[in-house]
Amino acid sequence: MHELSIVLSIIDGVTEEAELRGARGVSAVHLRLGALSGVVKPALLFAYDLACEGTLLQGSQLIVEESPMVVHCPACDADRTIESPQSFRCPFCGAYAANISRGHEIQVVAMELV
Ligand SMILES: [Zn+2]
């Protein structure tokens, strides 16, 4: 299960950081999930609840912020946000833009410690 291995690495990283800061526990983890990350959000949340048992993160909430795909448009020479991953066209000028700048990220952006 892809999501479980992602969750385990999130828990590892957050636990390390929480211990460094002397936290007694973690109440929430904020995660940024790119539109192209290939992660199924309900599966991720399910795996998170299971994997947090017995760790500093037990009972914490995983707050997922889904971020859109961003491509670099060669015609505009600018980064453009694309709403649907089915289309690789610049929403501004319509040019084909296949250089993905952002969208694959699975990144912990914040954590709430107790
Ligand atoms: Zn463009």
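Structural notes, computed from the coordinates.

Cut-offs and rules
- Residues numbered from 1 in each chain as written.
- Predicted model: local features only at pLDDT ≥ 70, side-chain atom pairs only at ≥ 80, totals over all residues.
- Heavy atoms only, no water.
- Donors = N, O, S within 2.8 Å, 3.2 Å for Na, K, Ca; no water.
- Tetrahedral: all angles 85-135°; square planar, octahedral: opposite > 155°, others 65-115°.
- Helix = DSSP H or I, 4+ residues; strand = E, 2+ residues; numbered from the N terminus.
- Buried < 20%, exposed > 50% of the residue type's maximum accessible area, 1.4 Å probe, protein only.
- Contact = heavy atoms within 4.5 Å.
- Pairing = 2+ DSSP bridges.
- Axes fitted to C-alpha atoms, helices over the stretch in contact; angles between N-to-C directions.
- Core = buried A, V, L, I, M, F, W, Y, C linked by side-chain atoms within 4.5 Å.
- Phe/Tyr/Trp six-rings, centres within 6.5 Å; stacked < 30°, edge-to-face > 60°.
- Lys NZ or Arg CZ within 6 Å of the ring centre and 35° of its normal.
- Salt bridge = Lys/Arg side-chain N within 4 Å of Asp/Glu carboxyl O.

**Remarks on the coordination of the zinc ion**
Taken together, Cys73 (SG), Cys76 (SG), Cys90 (SG) and Cys93 (SG) make up the protein donors of the zinc ion, found 2.2 to 2.3 Å from the metal. Its 4 donor atoms give the zinc ion angles of 105 to 116 degrees at the centre, a pattern that matches the tetrahedral case. Mapped onto the sequence, the donors of the zinc ion take the spacing C-x2-C-x13-C-x2-C. Note that Cys76 is positioned in the loop between strand 3 (69-73) and strand 4 (78-82) and Cys93 in the loop between strand 4 and strand 5 (99-102), a separation of 17 residues in sequence. A relative accessible area of 23% places Cys76 in the partly exposed class.

**Some points on the environment of Thr81**
For Thr81, the position within the fold is in strand 4. For the pair formed by Thr81 and Val70, sequence separation is 11 residues and the distance between their alpha carbons is 4.4 Å. Beyond its immediate chain neighbours, meaning those up to four positions away, Thr81 contacts Pro68, Met69, Val70 and Pro91.

**Concerning the sheet that holds strand 6 (residues 106-113)**
Taken in spatial order, the 3 strands make up an open sheet running 2-1-6, and their pairing is mixed. Looking at the sheet topology across the chains shown, the edges are occupied by strand 2 (61-67) and strand 6. On average, adjacent strands in this sheet sit at an angle of 20 degrees to one another, irrespective of strand direction. Sheet strands touched by helix 1 (residues 2-20): strand 1 (26-34) and strand 6. Its angle to strand 6, the strand with the most contacts, is close to 45 degrees. Helix 2 (residues 41-52) rests against strand 1 and strand 2 of the sheet, and its axis sits at about 155 degrees to strand 2.

**Some remarks on the nonpolar core**
Within the largest apolar cluster, 20 residues are counted, with the highest numbers of intra-cluster contacts made by Val7, Val29, Leu44, Tyr48, Leu57 and Leu62. The set of elements that each furnish at least two residues to this core consists of helix 1, strand 1, helix 2 and strand 2. Beyond its immediate chain neighbours, meaning those up to four positions away, Val29 contacts Ile10, Val14, Tyr48, Leu57, Gln61, Leu62, Ile63, Val108, Ala110 and Met111. Formed by 7 residues, the second largest nonpolar core is a distinct cluster that contains Met69, Val71, Ile82 and Ala95.

**Brief notes about the packing of aromatic side chains**
Applying the stated criterion to the full structure yields 0 aromatic pairs. One residue, Arg80, lies across the ring of Phe92, its end atom 4.4 Å from the ring centre.

**A few points about the pattern of salt bridges**
Following the criterion strictly, the structure yields 3 salt bridges and no others. Put simply, Glu65 and Arg32 hold a salt bridge, and the shortest N to O gap is 3.1 Å. On the criterion of sequence distance, the pair formed by Glu65 in strand 2 and Arg32 in strand 1 is long-range, its members being 33 residues apart. Taking the relative accessible area as the measure of exposure, Glu65 reaches 40% and is therefore partly exposed.

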